[in-house]
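Letter by letter, the chains look like this.
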Amino acid sequence: MAKQGVGITITQHILNQQRQKPEATGGFTTLLYELIVAAKVISREVNKAGLADILGATGIINIQDEQVQKLDVFSDKIIIERMQHIGQLCCMGSEEDADLIEIPSQYPKGNYIIVFDPLDGSSNIDVNVSIGTIFGIYKKKSDATDIDLLMDDVLQPGLNQVAAGYFIYGSSTMMVYTTGDGTGVHGFTLYPSVGEFLLSHENIRIPERGKTYSVNEGNHAYWDEKTLTLMDYFKATDKKSGRPYTSRYIGSLVADFHRNLLKGGIFMYPADNKDPKKPSGKLRLMVEANPLAMVVREAGGYASDGNGPILEIEPEELHQRVPLYIGSKEDVELAERFISGKGGKR
Ligand code: AHM
Ligand code: MG
């Protein structure tokens, strides 16, 4: 017998969720719906990446006068183009754009803000490894309409997100999202022949504790003592606590996160001293850490910067970087103990 609810479309699902929130308006549905359309276009382009050269060489497609656009730039453009006219947003923030993205004057404006990483996992784009789009949605707090005055509205702690999620372009394309407040985390798989996202993973719960750690061990030489002690802990042998953990690292945050969300485990991108310009690690608070932190919290997990919850950080700038420990609650709490200096010495 089919599992209850499995197979409903993402649109139906968003509408059902809306009914649980009396304050919700149809505008929010429009917003998510348009984002989904953008993701379908990105998914199509990702799936044919690599074909451009072959088809171009055979004359099946004409790339004569066209500069082949990098997929991350293309994804950024498609999201902006689709979202700017819907009348629900006051501005947007993207990993690809240094400044806030203004809604052109010919379109109506609204009270929502979307921040996104249009195509995360850039090093994996050309090699057929899973990549993704990450998004977080906020409501604006002030009456400001001028783009120069909207930054304060954008720089809200992740706790204020009204929705967050990601699309993963992998062996299939999936969307995983939450609207918070106990509504759960739900996963939808794109059925290419139908062109619809159908509910495939209802109410995802991350295991309290996992057996997997995901980190770029190549950064070992750049880590401090506390980080090294934590890594030693995961690799040490101890039957009682199920160690050593298994290591899995794809190098695409969405893909590493998604695996750990379903199977349990911890993803880490610690602070390091590799680049003095990025002492807080590599990942971005607004477009990467906060949206996934909301998803993991709603699924029963936890996200920390090593000292406290990611979702409580007051952002100072749009492209702020942050150390990230995210995944199964017990594993992340353990990492926090080590990073805040309570985990002992090597
Ligand atoms: P990007 O936004 O340029 O793609 O960088 C973010 C990516 C994440 O997807 C991934 O977790 C991390 O960078 C991998 O970094 P590294 O190659 O240093 O391990
Ligand atoms: Mg990224």
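- Looking at an unreviewed UniProt entry, the protein carries the name Fructose-1,6-bisphosphatase class 1, with the source organism given as Candidatus Desulfacyla euxinica.
- Turning to the protein, the UniProt record has this under Subunit (unreviewed entry): "Homotetramer."
- The Sequence similarities (unreviewed entry) field of the UniProt record for the protein holds the comment "Belongs to the FBPase class 1 family."

## Comments concerning the UniProt feature "binding site: Mg(2+) 2" (unreviewed entry) in the protein
Line of reasoning, step 1. UniProt records the feature "binding site: Mg(2+) 2" (unreviewed entry) for Asp117, Asp120 and Glu288 in the present numbering. With the annotated positions falling across 172 residues, the maximum pairwise C-alpha distance of 8.6 Å places them together in a single cluster.
Line of reasoning, step 2. Looking at the secondary structure, you find aspartate 120 in strand 3 (residues 112-120).
Line of reasoning, step 3. For aspartate 120, a relative accessible area of 7% corresponds to the buried category.
Line of reasoning, step 4. Among all residues touching aspartate 120, those that are not within four sequence positions of it are Glu95, Ile131, Gly132, Ile134, Ser252, Leu253, Val254 and Glu288.
Line of reasoning, step 5. With respect to the secondary-structure elements, glutamate 288 resides in helix 8 (residues 285-298).
Line of reasoning, step 6. Contact partners of glutamate 288, with chain neighbours within four places excluded, come to Glu95, Asp117, Asp120, Ile134, Leu253 and Leu283.
Line of reasoning, step 7. Among the polar contacts listed, one links the side chain of glutamate 288 to the backbone nitrogen of arginine 284, at a separation of 2.8 Å.

## Looking at the nonpolar core
Line of reasoning, step 1. Formed by 40 residues in total, the largest nonpolar core has its most connected members in Met83, Met92, Ile114, Phe135, Ile137 and Phe167.
Line of reasoning, step 2. Counting residues per element, this core draws most heavily on helix 2 (residues 26-47), at ten residues.
Line of reasoning, step 3. Setting aside chain neighbours within four positions, we find phenylalanine 135 in contact with Leu32, Leu35, Ile114, Val115, Phe116, Ala164, Gly165, Tyr166, Phe167, Met175, Tyr177 and Pro291.
Line of reasoning, step 4. Within the second largest apolar cluster, 32 residues are counted, among which are Ile204, Leu283, Ala289 and Leu292.

Thresholds applied
- Numbering of residues begins from 1 in every chain and follows the order in which that chain's sequence is written.
- Working convention: letters from A go to chains and numbers from 1 go to ligands, in the order in which they are written.
- Local features are withheld for residues below a pLDDT of 70 in this predicted model, meaning they are given only at 70 or higher, and side-chain atom pairs are given and counted only at 80 or more; totals for whole chains, interfaces and linings count all residues.
- The side-chain figures draw on all heavy atoms in the structure; neither hydrogens nor water molecules are used.
- UniProt positions are given in the numbering used here, feature names are shortened, and annotations may be inferred rather than shown by experiment.
- Strands are runs of DSSP state E lasting at least 2 residues, helices are runs of H or I lasting at least 4, and numbering of each runs from the N terminus.
- Only protein chains enter the accessibility calculation, which uses a 1.4 Å probe; a residue is then buried when its area is under 20% of its type maximum, exposed when over 50%, and partly exposed in between.
- Whether two residues are in contact is decided by their heavy atoms: any pair within 4.5 Å suffices.
- What qualifies as a polar contact is a pair of N or O atoms within 3.5 Å, subject to a donor-acceptor requirement within protein and to the restriction that residues adjacent in sequence count only when both atoms come from side chains.
- By nonpolar core is meant a set of buried Ala, Val, Leu, Ile, Met, Phe, Trp, Tyr and Cys residues that side-chain atoms within 4.5 Å join together.

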